[in-house]
Amino acid sequence: MSDIGMHPARPGEQALPPGTRQEWEEGATGLAHVVTPGEVDLSHNVILYLEDITVSFDGFKALNALTLAIDAGELRCIIGPNGAGKTTMMDVITGKTRPDSGKAFFGQTLDLTRLNEPQIAHAGIGRKFQKPTVFENHTVFENLELAMKADKRVRRTLFARLDSQARDRIAETLRTIHLDAQADRLAGLLSHGQKQWLEIGMLLVQDPRLLLLDEPVAGMTDDETMRTAELFVSLAGKHSLVVVEHDMAFVERLGGKVTVLHEGSVLAEGDLATVQADQRVIEVYLGR
Ligand code: ADP
Ligand code: MG
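Cut-offs used in this document
- Residues numbered from 1 in each chain as written.
- Chains lettered and ligands numbered in written order.
- Predicted model: local features only at pLDDT ≥ 70, side-chain atom pairs only at ≥ 80, totals over all residues.
- Near = placed C-beta within 6 Å.
- Helix = DSSP H or I, 4+ residues; strand = E, 2+ residues; numbered from the N terminus.
- Core = buried A, V, L, I, M, F, W, Y, C linked by C-beta atoms within 7 Å.
- Buried ≥ 20, exposed ≤ 12 C-beta atoms within 10 Å, placed from the backbone.
- Contact = placed C-beta atoms within 7 Å.
- Axes fitted to C-alpha atoms, helices over the stretch in contact; angles between N-to-C directions.
- Left-handed = near helix turned anticlockwise from the far one by under 90°.
- Nonpolar A, V, L, I, M, F, W, Y, C, P; charged D, E, K, R; others polar.
- Pairing = 2+ DSSP bridges.

**Some remarks on the site of ligand 1**
By nearness alone, every residue bordering ligand 1 is listed as F57, A62, G80, N82, G83, A84, G85, K86, T87 and T88. When residues of the shell around ligand 1 are assigned to their parent elements, the largest contribution, three residues, is made by helix α2 (residues 86-93).

**Observations concerning the nonpolar core**
Across soluble globular proteins, you tend to see nonpolar side chains buried next to one another. Membership of the largest hydrophobic core comes to 71 residues, with the highest contact counts inside it found for I93, I125, L144, L198, L212, V243 and L254. Those residues in contact with L212 that lie beyond four places of it in its chain are M90, I93, T94, I125, R127, K128 and V242.

**Regarding the packing of helix α4 (residues 140-149) against helix α7 (residues 192-204)**
Their axes nearest at 8 Å, the elements α4 and α7 cross at an angle of 30 degrees. Note on packing geometry: the crossing formed by α4 with α7 is right-handed. Here V140, N143, L144 and A147 of α4 come into contact with α7, specifically with L198, G201 and M202. Of the residues in the contact of α4 with α7, the class split is five nonpolar, two polar and no charged.

**Overview of the pairing of strand β6 (residues 125-128)**
Burial of β6 is two-sided: the residues I125 and R127 facing one way and the residues G126 and K128 facing the other way are all buried. As judged from the four bridges shared by β6 and strand β7 (residues 210-214), these two strands associate in the parallel manner. Bridge pairing in β7 places I125 opposite L210.

**Quick look at the sheet that holds strand β2 (residues 60-71)**
Reading across the sheet, the four strands line up as β2-β1-β4-β5 and stay open at both edges, with antiparallel pairing between neighbours. Each having just a single partner strand, β2 and β5 (110-111) make up the two edges of the open sheet. Relative to strand β4 (residues 101-106), strand β1 (residues 46-57) is paired through five bridges, and the arrangement is antiparallel. Paired with L50 across the two strands is A104, which belongs to β4. In the packing of α2 onto the sheet, contacts are made with β1, β2 and β4, and the angle to β2 comes to roughly 65 degrees.

Printed below as a string of structure tokens:
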């Protein structure tokens, strides 16, 4: 395809300005000596471990001694009022924000506080931001192809024989995200919900171990919301997912463990019915 040299952004991210790309390439290449994908140490069945993470903005603690563990293959929902620190938590996990103190580990051995954003993405953590950022002037298929080629790991192993293996992977992803009938459509013509699925597909072709999804069903129709819940349930196990969401019908449908964040710490954790019955949780939501 003619776009191979255009340096697509990693999915979930705006196109990088010239220069930044090189930094990313170097970062990702540098990490190859530190970690090979598939090497995430899951010997204790924990894919993500945060301990006592604090992040201050001008003295205000957006995260305040946050401690959280996500099991390998888990589908975890994070809820909490606006300003609770949910997005800041994702910023810490992905290396966008450095914590003032605390530990953040991917598996047993990868210290996320010592890696930069590209290295963390390369290690297998994919992030979906709220706004879809697909390439509108490319087809659905091309979007997935570009996302796959932007992944160094894939480039090294699959790229040389892109054709059958990569195409199979794209075809499988198209089915997973319910867009197989739209493969040749321009992404700009998709519905809002379909664009969100495409962006999730652009993460999936890179086969992340851990997916972080910030308010993935905002703006979706009820039908799209429920299909997204089914999609996430189907991804759990093979991937681990951390989903920030306000839509309680969606959270209920996901059926996983729920963590309630409040003022930068964990207020409650358990199944949705249990946390919803928790007096402290009720007060936090009513007291808004
Ligand atoms: P949530 O996603 O749960 O709504 P955020 O993590 O976005 O909450 O924000 C937590 C708190 O930290 C909020 O009070 C927000 O205003 C503040 N905050 C987040 N990012 C910054 C920043 N870059 N500078 C200053 N304050 C910030
Ligand atoms: Mg947020």
